[in-house]
2 protein chains.
Amino acid sequence: MNAATKPRTVPRAGAAALAAELRIAVMRASRRLRAEKSDADLSDGQYSVLALLEREGPSTPREIALHERVQPPSMTRTLTALLELGLVTRTEHPDDRRQALVAVTEAGATTVRETRRRRDAWLARRLAALTPDERAVLARATEILRRIADS
Amino acid sequence: MNAATKPRTVPRAGAAALAAELRIAVMRASRRLRAEKSDADLSDGQYSVLALLEREGPSTPREIALHERVQPPSMTRTLTALLELGLVTRTEHPDDRRQALVAVTEAGATTVRETRRRRDAWLARRLAALTPDERAVLARATEILRRIADS
DNA sequence: TATTGTTATACTCTATAACTATA
DNA sequence: TATAGTTATAGAGTATAACAATA
């Protein structure tokens, strides 16, 4: 059942019909990817903050809360957990003593890279089973999806 | 910056390189989609159960819990909430009096359809702004993604 | 005895309100 | 006064353990 039997998946290419199919496929794929986590016992929110800091460098609790769309007290709790796990550090802000600067530790960066590696490995195994043509479709779709998400 | 400048998005079509790009695009898109929630005052879990019952017909609490990968006590709580909202009914199982049969009400079915419509609207607007060729790419990608997620 | 479903209880994550320290 | 961050407290969702009813 590879190429000949897919009646629902290539319907009329109308935007409304495609939206429903694409939404389901994207949500389901992301759920599967999220399930591929590293051994670190982190919640989604904790990992999201750790990955943000690893990707973009040190930040203040308020900035992180804004980016994660969470209230400051919730971020305090998340950061406290990451601190106790030794995955981030908290230091004084050089210019403003009200603020704090949070940064990943070496262990934190390792955790992020490990999780990323596992998720990529899971996906890469499945991509390797596709035809070159199918991979080309996904490569084009990747760029289009990125544009949509950033809009 | 549409066709001439995309160095990262169509790299060598190797599975490993594509995996990282696709993972980021899928996770980011799903994050945006999830942020577009409807007015319906239901949690993700409650809506998920309601949509399941609307899609597949009446079921027992245990079956629903299995499908949603949740423990039975958690499902009891979710079903109680949906019952109090008048979105589902609970009746005796015809063959086994230990079990119960849960089904959506007309109000429940309406809620599901309305929510689905609202969630798709955001994505449909963005798809409508694409070229027919780009929509065709996403239609093909949808089918491929679904296969990957189900594997 | 085994299975279905519920109740009792606790833990996690998030929220709002009130507080402290600094600008 | 305004802002950054924390503490206090509450609500929603899920989990395990113990229990009742039925097979």
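Here the structure is shown first, and the text comes after it.
Residues numbered from 1 in each chain as written. Chains lettered and ligands numbered in written order. Predicted model: local features only at pLDDT ≥ 70, side-chain atom pairs only at ≥ 80, totals over all residues. Heavy atoms only, no water.

Draft legend 1. Representation of helix α2 (residues 44-56) of chain A in the model. With 13 residues, α2(A) extends 18 Å between its outermost C-alpha atoms, agreeing within 8% with the 18 Å of an ideal straight helix rising 1.5 Å per residue. For α2(A), the set of buried residues is Gln46(A), Tyr47(A), Ser48(A), Val49(A), Leu50(A), Ala51(A), Leu52(A) and Leu53(A). Looking at the buried positions of α2(A), the neighbouring elements they touch are α3 (61-68), α4 (72-84), β1 (88-92), β2 (100-104) and α5 (106-128) of chain A together with α1 (15-35) of chain B. (Helix = DSSP H or I, 4+ residues; strand = E, 2+ residues; numbered from the N terminus. Expected span 1.5 Å × (residues − 1). Buried < 20%, exposed > 50% of the residue type's maximum accessible area, 1.4 Å probe, protein only. Contact = heavy atoms within 4.5 Å.)

Draft legend 2. Highlighting unusual backbone geometry. Backbone geometry at Arg69(A) places phi at a positive 55°, although glycine is not the residue there. On the secondary structure map, Arg69(A) appears in the loop between α3 and α4.

Draft legend 3. Structural context of the protein's contact with DNA strand D. For DNA strand D, the set of nearby residues contains 21 residues, the closest of which are Pro61(A), Thr76(A), Arg90(A), Ser43(B) and Arg77(B). Among atoms of DNA strand D positioned within 4 Å of the protein, sugar and phosphate together represent 63%. Arg62(A) is positioned with one of its backbone polar atoms (N or O) 2.9 Å from a phosphate oxygen of DNA strand D. Elements supplying a minimum of two residues to the surface near DNA strand D: α3 and α4 of chain A together with α4 (72-84) of chain B. For the surface near DNA strand D, the element with the highest residue contribution is α4(B), accounting for four residues. (Near = heavy atom within 4 Å. Polar contact = N/O pair within 3.5 Å; in protein donor to acceptor, adjacent residues only side chain to side chain.)

Draft legend 4. Just the interface of chain A and chain B, in detail. Chain A puts 54 residues into the contact, and the matching count from chain B is 52 residues. Both sides together, the interface formed by chain A and chain B hides about 5500 Å², and carbon and sulfur atoms give 65% of it. Inspection of the region where chain A meets chain B yields eleven salt bridges. Residue Arg23(A) is joined to Asp120(B) by a salt bridge in which the shortest nitrogen-to-oxygen separation is 2.6 Å. Where chain A touches chain B, the interface holds 17 residue pairs in polar contact (both at pLDDT 80 or more). At the level of elements, α1 (15-35), α3, α5 and α6 (132-150) of chain A are the ones that each hand at least two residues to the side of chain A that touches chain B. (Buried area = accessible area lost by both parts, 1.4 Å probe. Salt bridge = Lys/Arg side-chain N within 4 Å of Asp/Glu carboxyl O.)

Draft legend 5. The protein's contact with DNA strand C, seen in detail. Among the 20 residues in the neighbourhood of DNA strand C, the closest are listed as Gln71(A), Arg77(A), Arg62(B), Thr76(B) and Arg90(B). In the environment of DNA strand C, a phosphate oxygen lies 3.1 Å from a nitrogen or oxygen atom belonging to the side chain of Arg97(A). For DNA strand C, a base oxygen lies 2.9 Å from a polar atom in the side chain of Arg98(B). When residues of the surface near DNA strand C are assigned to their parent elements, the largest contribution, four residues, is made by α4(A).

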